[in-house]
Structure formats: C-alpha cells, structure tokens
Amino acid sequence: MKLATRLSDVIPSVTLAIAAKAKAMKAEGVDVCSFSAGEPDFDTPDHIKEAAKLALDQGKTKYGPSSGEPKLKEAIAKKLKTDNNLDYKTENIMVTNGGKHSLYNLMMALIETGDEVIIPAPYWLSYPEMVRLAEGTPVIVATTAENDYKITPEQLKQAITPKTKLFVLNSPSNPTGSVYSPAEIKALAEVIVEADIFVVSDEIYEKILYDGAEHLSIAACGPEIFAKTLISNGFAKSYSMTGWRVGYMAGPVPIIKAMTNIQGHATSNVCTFAQYGAIAALESSQDCVATMLQAFTERRKVIIDRIKSMPKVSCSIPSGAFYVFIDISQTGLKSLEFCEKLLESYQVAVIPGIAFGDDNCIRLSYATDLNTINKGMDRLEQFLMSL
Ligand code: GLU
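Values in this document were obtained by computation on a predicted structure and should not be read as measured data. (Residues numbered from 1 in each chain as written. Predicted model: local features only at pLDDT ≥ 70, side-chain atom pairs only at ≥ 80, totals over all residues. Heavy atoms only, no water.)

**Some points on the environment of Leu-106**
Here Leu-106 is to be found in helix α4 (residues 98-110). For Leu-106, a relative accessible area of 0% gives the class buried. The sequence separation of Leu-106 and Met-259 amounts to 153 residues, and the corresponding C-alpha distance is 6.2 Å. Leu-106 has contacts with Ile-111, Leu-166, Val-200, Leu-230, Met-249, Ile-255 and Met-259, leaving out every residue within four places of it along the chain. (Helix = DSSP H or I, 4+ residues; strand = E, 2+ residues; numbered from the N terminus. Buried < 20%, exposed > 50% of the residue type's maximum accessible area, 1.4 Å probe, protein only. Contact = heavy atoms within 4.5 Å.)

Here's what the structure looks like:
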C-alpha cells in the first residue's frame with residue numbers, strides 16, 4: 001500500500017506509546033510504576049466537572065463556532081491580560097483540541113516545503129514531527145546541561161537562515177523542566193524581531209514553577225515581538241484536564257483566521273460542553289492550581305533527593321513543569337535500551353531521551369503519587385546497582 005510520502009519520516013509519539021504500554025501492563029495485573037506521560041494523576045476539580053455537566057443538561061451539545069465558544073474566548077482574553085499582561089481581542093484567539101492541536105494547526109497554516117523551523121533540543125517530541133507533517137524542515141539546535149538546556153541568543157542567531165520561518169520556544173520546558181528567566185526571554189525576543197521571524201511560545205506549563213522561578217510570556221516584551229508571537233496554551237496540565245482536549249492559541253488575526261479555516265475542515269469545533277468546563281476553570285477560584293502545585297513541589301523534592309543519591313546518574317534541578325531529565329551516560333547504555341531493560345526487569349516505565357533528541361538521558365514525569373515515586377525510585381536504584 002502506498003501511503004503519503006509526507007509520513008515517511010514521521011515517528012509515532014513515544015510518550016503516548018509507553019504510557020499506553022504501562023497502562024496495559026497494569027490492566028493485566030503487573031505492578032508497574034509509571035513515570036511516562038506527563039499526565040497529572042489528580043481528578044479534574046469538581047467545579048469544572050459540574051460546569052460541563054450543567055452545560056450538557058442545558059443542551060450545549062451542538063456544533064459551535066470553529067474558533068471556539070465566544071464566552072470561552074472572552075475568558076481566555078481576560079486570562080492573558082491578567083496573568084500575562086497581553087492585550088488580545090477575541091478575534092486573536094482560537095480554541096483547539098488541546099494545546100497539541102493548536103501547534104499542529106499553526107504548522108499547517110504557516111509552514112510549507114522549504115521553510116525551516118528552529119527547535120532547541122531537548123524538545124517535546126511532537127514539535128519536529130508536526131513540522132515534518134507540514135513538509136517543513138526542523139532545524140534542531142542542541143543545548144547543554146551546563147546552560148540548563150536553554151538556547152542562547154547567539155545560538156539562535158547562528159541557526160537563522162533566509163529560510164527560517166519560525167522558532168519554537170517552550171518555557172517551562174518539557175522534557176527538562178528548565179525555565180528561561182525574564183532577561184533570557186527578552187534577549188531571545190530581540191533576536192527574533194531583528195531577524196523578522198515568528199515565534200511560537202508553548203506556555204502549557206506556565207503555572208507549574210518552583211523556587212521562585214518567574215514566567216514571562218515573550219509576547220509581553222514589546223509591540224514588535226507581540227506581532228511576531230503565537231501563544232499556545234491549554235487546560236490539561238494546570239487543571240488536570242488531559243482527556244478533555246481543550247487548548248488555545250493567541251496571535252495575529254490572519255494566522256488565527258487561517259488556523260480556524262483548517263480546523264473548520266478538520267474537526268469543526270472543540271467539544272462544546274467541554275469548553276464550558278474550561279470557562280469554569282478560568283473564571284473560578286484558582287486554589288485548585290495552587291493545591292496541585294504544592295503536591296508537585298513535594299514530589300519534586302522526593303524524586304530529586306533520591307536521584308541525587310543514586311550511582312551512575314545525575315540531573316539538573318528543574319525549575320518548572322513536572323519532569324526530571326536524567327543523564328544516564330555513565331551507565332554505558334543508550335536511552336532506548338536503558339528504558340526497555342528497566343521496564344522489563346523492574347517494571348518501571350520512563351521515556352527514552354532519544355525521543356526528545358538526547359540519547360544520553362531519560363525523562364521521568366513526577367505527576368504521580370508519592371507511593372509510586374518511592375517504590376519506583378527503589379526499583380531504579382536496584383537496576384542501577386545491577387549494571
Ligand atoms: N505532553 C505530555 C508528555 O510529554 C503528554 C503526552 C504527549 O502528548 O506527548 O508526556
């Protein structure tokens with residue numbers, strides 16, 4: 001069978017595959033400790049579920065506008081003003097099937113054959129694949145643990161060519177947990193404006209920050225960068241709404257219009273009653289976000305303390321998100337083999353760094369309970385001692 005050529009280089013999502021494998025093993029009765037997908041273990045807060053149930057009862061069960069329910073777009077505009085100091089109108093905003101879909105729509109709207117998209121590595125594994133699906137060229141720029149896995153303005157400048165269309169920024173970062181400081185964000189903004197390229201800022205982890213780390217949206221650095229920025233965000237991580245599939249993108253009207261055109265043909269609109277849950281998430285008390293953050297903070301301390309005491313591995317301290325990126329180069333194993341052995345022999349599921357562009361590392365998500373973390377760390381330690 002001849003499939004479309006554009007798929008020939010596209011790698012299936014390893015995060016989803018390993019998470020599904022861990023879930024299937026659990027269903028078979030295997031005692032798996034899963035640190036695989038970045039999926040908070042908390043249930044969605046009750047007030048959000050109640051709002052969606054009420055929407056169902058009120059008959060919000062029909063098609064809606066492709067770009068999203070007007071009330072949700074208003075709530076998003078207000079959030080972007082209050083939290084990020086950004087002046088967007090509702091026409092600058094579209095609601096998408098999760099943050100991931102906002103990025104996919106953007107690649108389809110903006111990227112074509114010959115366009116280069118700069119992606120710092122380690123990267124979230126779907127970025128390069130989305131660029132490939134749009135028939136563009138991902139340009140991967142390796143960062144270093146010494147620089148906390150952050151691209152420098154000089155590295156960005158060097159990677160820009162006349163073909164560069166877009167730069168992908170993700171802070172707090174998946175998979176490293178790095179957070180760019182406001183000064184670092186401003187320095188990158190200057191390079192982007194100077195080169196006259198676009199930036200997509202994936203801010204899905206903006207609320208998950210530790211040790212006083214600060215999130216600055218790059219779009220807030222001035223009117224010139226504002227005009228070149230697309231902001232991707234969603235409800236999955238902050239409000240534990242992964243399965244709801246509600247995200248959004250904010251940016252220049254012509255791009256949002258083009259993305260809406262694509263979405264209109266691809267998925268119509270995002271599930272109507274789910275959008276009413278998202279409205280409640282934004283308009284109600286944010287205490288649930290703080291409660292979950294407190295739990296992540298405790299888990300982060302436990303997991304980092306345990307890893308620091310283990311042989312043959314090291315990690316930098318993540319300032320955001322809920323991932324820890326561990327250097328395994330001293331074990332002599334590459335990431336895929338390491339993960340396969342760990343899962344088969346010790347029933348611990350983690351993601352190989354090769355999926356994120358770094359074969360010397362593995363990623364652990366600590367969006368899981370302390371019991372699993374402690375048990376999983378015991379097993380990881382035993383595995384490392386056996387090598
Ligand atoms: N973004 C999460 C992760 O990296 C969920 C899985 C996915 O969409 O890749 O684990």
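**Here we look at the packing of aromatic side chains**
Counting across every chain of the model gives 13 aromatic pairs. Taken together through their ring pairs, the aromatic side chains of Phe-42, Tyr-205, Phe-296, Phe-322 and Tyr-323 make up a single cluster. Looking at Lys-150, its charged tip hangs above the ring of Tyr-180, at a distance of 5.8 Å from the centre. Over the face of the ring belonging to Phe-198 we find Lys-228, whose NZ or CZ atom lies 4.1 Å from the ring centre. (Phe/Tyr/Trp six-rings, centres within 6.5 Å; stacked < 30°, edge-to-face > 60°. Lys NZ or Arg CZ within 6 Å of the ring centre and 35° of its normal.)

**Some details on the packing of α4 against helix α9 (residues 253-266)**
Between α4 and α9, whose axes approach to 9 Å, the crossing angle comes to 105°. Between α4 and α9, the angle falls in the class roughly perpendicular. Every residue of α9 that contacts α4 at His-101, Ser-102, Asn-105, Leu-106, Met-108, Ala-109 and Leu-110 is listed here: Ile-255, Ala-258, Met-259, Ile-262 and Gln-263. Along the lines of polarity and charge, the residues of the contact of α4 with α9 split into eight nonpolar, four polar and no charged. (Axes fitted to C-alpha atoms, helices over the stretch in contact; angles between N-to-C directions. Parallel < 35°, antiparallel > 145°, perpendicular 65-115°, else oblique. Nonpolar A, V, L, I, M, F, W, Y, C, P; charged D, E, K, R; others polar.)

**Considering the sheet that holds strand β13 (residues 361-365)**
Pairing is antiparallel across the open sheet formed by four strands, whose spatial order is β9-β10-β13-β12. Because the sheet does not close on itself, it has two edges, and the strands there are β9 (314-315) and β12 (351-352). Two elements, β9 and strand β10 (residues 323-327), share two bridges in a ladder whose sense is antiparallel. Within β10, the position partnered with Cys-315 by the bridge is Ile-326. Each of β9, β10 and β13 touches helix α11 (residues 287-308); the most contacted strand, β10, lies at about 5° to it. (Pairing = 2+ DSSP bridges.)

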